[in-house]
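The lines below spell out each chain.
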Amino acid sequence: GYMLPIYMRDGDTVVFWLSLFFLILTLAARTYECAHYYASGLVKPGKSFQFLFGSCIFVIEPNAGNMYLGPLLVSEKVEKTAWGTVTSTHSLQHERDKLKMNSTLRSAYIMLLTEDLPELLISIIYLIQRGSEADPFFWFSFCTTILHALRQLFEVYHTRQYRDINASFLKHMRLNAEGKS
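Predicted model, so just to flag it, every value in this text is computed and none were measured. (Residues numbered from 1 in each chain as written. Predicted model: local features only at pLDDT ≥ 70, side-chain atom pairs only at ≥ 80, totals over all residues. Heavy atoms only, no water.)

**Let's talk about the overall build of the chain**
Now for step 1: Tallying secondary structure elements over the chain gives 7 helices and 3 strands in all.
Now for step 2: Each helix and strand of the chain, ordered N terminal to C terminal, gives the series α-α-α-α-β-β-α-α-α-β.
Now for step 3: A buried classification covers 36% of the 181 residues belonging to the chain.
Now for step 4: Sequence-distant contacts in the chain: of pairs separated by 6 or more residues, those separated by 24 or more amount to 68%.
Now for step 5: Entry remark: accessible area of the chain is about 11,000 Å², with carbon and sulfur atoms responsible for 67%. (Helix = DSSP H or I, 4+ residues; strand = E, 2+ residues; numbered from the N terminus. Buried < 20%, exposed > 50% of the residue type's maximum accessible area, 1.4 Å probe, protein only. Contact = heavy atoms within 4.5 Å. Areas by Shrake-Rupley, 256 points an atom, 1.4 Å probe, with all protein chains shown as cover.)

So this is what it looks like as structure tokens:
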């Protein structure tokens, strides 16, 4: 996204449109991720406005959006009899954690595949075409794109390390209270 003004200034419309395409693609992928979050059925009732606000944050910056959307998820499902007696409680913490973990992974992949790698490719094309004309703004954009890609790779690596550990908790998070007082 940082390179769009440079491409337009230099009159390189092919690279401009390619860059714009990937910008639109990443925004669409982020919007889809918000819809996936909502479709999980874990959003607390009555939190639609906060969810919409969090989704807007997510579309702009997924990492901040994930932090805002997390508290809007329910953490426990309580089953009661017709007389109001609790028969079981089912912690949804695992489902919350799984949703947030998968969302973090998908967000990192979205940013890596629709932002960082295309931006690096477009920057390399620009260097091949006009390398001698690259200004400090270009080099700043190029370096920050590399750093952002490395951060996403770091996020993917470390999130995947804990995926199996988190999955093992599911069977230990249900309390059956039926017949107990």
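**A short note on the packing of helix α2 (residues 13–39) against helix α3 (residues 48–60)**
Now for step 1: It is the contact of α2 with α3, at a shortest axis distance of 9 Å, that shows an interaxial angle of 150 degrees. Here α2 lies roughly antiparallel to α3, going by the angle between them. The chirality of how α2 crosses α3 is right-handed. Note on element contacts: α3 touches α2 through S48, F51, S55, F58, V59 and I60, opposite L27, R30, T31, E33, C34, Y37 and Y38.
Now for step 2: Grouping the constituent residues of the contact of α2 with α3 by class yields 8 nonpolar, 3 polar and 2 charged. (Axes fitted to C-alpha atoms, helices over the stretch in contact; angles between N-to-C directions. Parallel < 35°, antiparallel > 145°, perpendicular 65-115°, else oblique. Left-handed = near helix turned anticlockwise from the far one by under 90°. Nonpolar A, V, L, I, M, F, W, Y, C, P; charged D, E, K, R; others polar.)

**Brief notes about a nonpolar patch on the surface**
Now for step 1: Nonpolar side chains collect at one region of the surface, where I146, L147, L150 and L153 lie side by side and expose about 370 Å² of accessible area between them.
Now for step 2: Mapped onto the secondary structure, L150 falls in helix α6 (residues 136–161). (Patch = residues over 30% accessible without salt bridge, like charges linked within 9 Å, V, L, I, M, F, W, Y side chains within 5 Å. Salt bridge = Lys/Arg side-chain N within 4 Å of Asp/Glu carboxyl O.)

**Overview of the pattern of salt bridges**
Now for step 1: Considering all chains together, one arrives at 3 salt bridges under this definition.
Now for step 2: Between R106 and E33 there is a salt bridge, with its nearest N and O atoms 2.7 Å apart. Taken together, the residues R106 in helix α5 (residues 93–130) and E33 in helix α2 connect sequence positions 73 residues apart.
Now for step 3: Looking at R106, the relative accessible area reads 27%, which means it is partly exposed.
Now for step 4: The class for E33 is buried, based on a relative accessible area of 1%.

**Remarks on the packing of α3 against helix α4 (residues 62–69)**
Now for step 1: Two elements in contact, α3 and α4, have axes separated by 6 Å at closest approach and are oriented at 160 degrees. Classified by the angle their axes make, α3 and α4 are roughly antiparallel. Like other packed secondary-structure pairs, α3 and α4 cross with a definite hand, here left-handed. For the pair α3 and α4, contact is made by Q50, F51, F53, G54, S55, I57, F58 and I60 and by P62, A64, G65, N66, Y68 and L69, respectively.
Now for step 2: The residue inventory of the contact of α3 with α4, partitioned by class, reads 9 nonpolar, 5 polar and no charged.

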